[in-house]
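A structural walkthrough
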Amino acid sequence: MTGSYFMELEYRYGAHNYKPIPVVIEKGEGVWVWDVEGNKYLDMLSAYSALNHGHRHPKIIEALRRQTEKLTLTSRAFYNNLLGQFEEKLALFSGYEKVLPMNTGAEAVESALKIARKWAYYKKGIPMNKGNIIVAEGNFHGRTITIVSFSTEEQYRDGFGPYTPGFKVAPFGDSKAVEKLIDDETIGVLVEPIQGEGGVRVPPEGYLRELREICSKHRALLLFDEIQTGLGRTGKIFAWHWEDAKPDILILGKALGGGVYPVSAVLANDQIMDVLKPGDHGSTFGGNPLAAAVGIAAIEVLENERLDLRAFELGEYFMKQLRSIESDYVKEVRGKGLLIGVEIKKEYGTARPFCEKLAKLGVLCKETHDQVVRFAPPLVIKSEEIDWALERISKVLTEPIQVKEKATENSQKAHPLKG
Ligand SMILES: *Cc1c(COP(=O)(O)O)cnc(C)c1O
């Protein structure tokens, strides 16, 4: 069976809310994946940083396998023997007193917003249902209706109203603009320490620290969405470590599931988390024993293999090498650790054709925000493997290209195999 068969099948029966790079993956191990025709690729996307540990890390697979032989689901109607162990591990590892376990990133963000709002009404004394939360322009926090309500990306919102009120938007990277928006009804500030989907946008130095100071001064909560930047990706365990700007509420997801299972969490100290009382919030699958076993293993691997240090060292090397490629097409190379964006100049079209060419050469990555190629390999990558990718990246960034007159505007609707 060739790849086109499976692509046709998805196209025929699946909702068309994605336009994948035309590669049908069948097997993965470490940083490598194989398609149904047996071609091998280096995964430089890592499922948007959900695969920090690489594909099928043996310790994580072993934890998953062993747990499937004992117990997989209880719901929170009962206790299970693993959840508390996972919560202890995650709390001590992250430096918070309490953990709220959820499944996907968007759910964790929603949960964090609920906790922040409740804290504001019951602890800070903001008039009921009148609070506002400040977010950043260019944000990405997921796809639920409340979250897209404060997205600044027209496509993410279009057709999904009416929207949830209670949010204000400040330019990303501008702490003064945030302070200007703060009023008596401000609950808190929610940002990503580096905007991943927004195009690997790194804020000016001091931004996180200034947000911390501003929030403390106004008794507003600081919320960091580290679903993509957390767990080693940027060269620190958490991106907030770069500026010692500890948020009141930390949101994790993606790599917390070790690349095998959806696991997300909200972390906070007692005086914030204790606004949740039995029945206030819940999730059938959140904190299930399988998730807990996988989450524990994911943190242990991160610690034992010092994936944060790997990301720090290899990220510096990778970025330096990328910057040394003499390419007419590149406007900027930016990032932190192994979260790196290469921005393509508009006059050379979008980043998409570069990603498609790289896929043909065996390097998988995905454009973000039209102009940016994101390179975010699993943190278990070796420097020889980075060199292997660099050879191909260098080729694609220096060979002549055909610039299409018009970028394919209907790309969302385009058939995967034609055009
Ligand atoms: C991926 C992501 C989310 C959403 O996570 P899902 O698991 O897809 O719901 C939220 N915030 C950030 C920063 C992300 O990168």
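The coordinates are above.
Now for a description of the structure that goes with this document. (Residues numbered from 1 in each chain as written. Predicted model: local features only at pLDDT ≥ 70, side-chain atom pairs only at ≥ 80, totals over all residues. Heavy atoms only, no water.)

**Section: the overall build of the chain**
Threshold: Strands here mean DSSP runs of E at least two residues long; helices mean DSSP runs of H or I at least four residues long; both are numbered from the N terminus. For this measure, only C-alpha atoms enter the radius of gyration; the expected value for a globule follows 2.2 Å times N^0.38, where N is the number of residues. Accessibility here uses a 1.4 Å probe with only protein chains present; expressed as a share of the type maximum, an area under 20% marks a residue as buried, one over 50% as exposed, and anything in between as partly exposed.
Check the secondary structure of the chain and you find 14 helices and 15 strands. For the chain, whose C-alpha radius of gyration is 21 Å, the value lies close to the compact-globule estimate of 22 Å for 419 residues. In terms of its C-alpha atoms, the chain occupies a principal-axis envelope of roughly 60 × 55 × 45 Å. For the chain, the proportion of its 419 residues judged to be buried stands at 53%.

**Some remarks on helix 12 (residues 307-323)**
Every α-helix carries 3.6 residues per turn, so stepping three or four residues along brings you back to the same face. Spelled out, the test is: Each helix should span, by expectation, one fewer than its residue count multiplied by 1.5 Å.
An ideal rise of 1.5 Å per residue puts 24 Å on 17 residues; helix 12 measures up with 23 Å between its terminal C-alpha atoms. The set of residues buried in helix 12 consists of L307, D308, A311, L314, G315, F318, M319 and L322.

**Section: the pairing of strand 2 (residues 32-35)**
Here is the rule: Strands are treated as partners if at least two bridges between them are detected by DSSP.
Where strand 1 (residues 25-29) lies against strand 2, four bridges are found, and the strand directions are antiparallel. Each bridged residue has a counterpart across the sheet, and for I25 the counterpart in strand 2 is D35. Where strand 2 lies against strand 3 (residues 40-43), three bridges are found, and the strand directions are antiparallel. Residue W34 lies in a different strand from strand 3, and its bridge partner there is K40. A loop of four residues connects strand 2 with strand 3, the two strands running antiparallel in sequence, and G38 in this loop sits at a positive phi of about 90°.

**Concerning the environment of P262**
Here P262 shows up in the loop between strand 9 (249-252) and strand 10 (264-268). The partly exposed category is assigned to P262, whose relative accessible area is 44%. Residues P262 and Y121 lie 141 residues apart in sequence; the distance between their C-alpha atoms is 31 Å.

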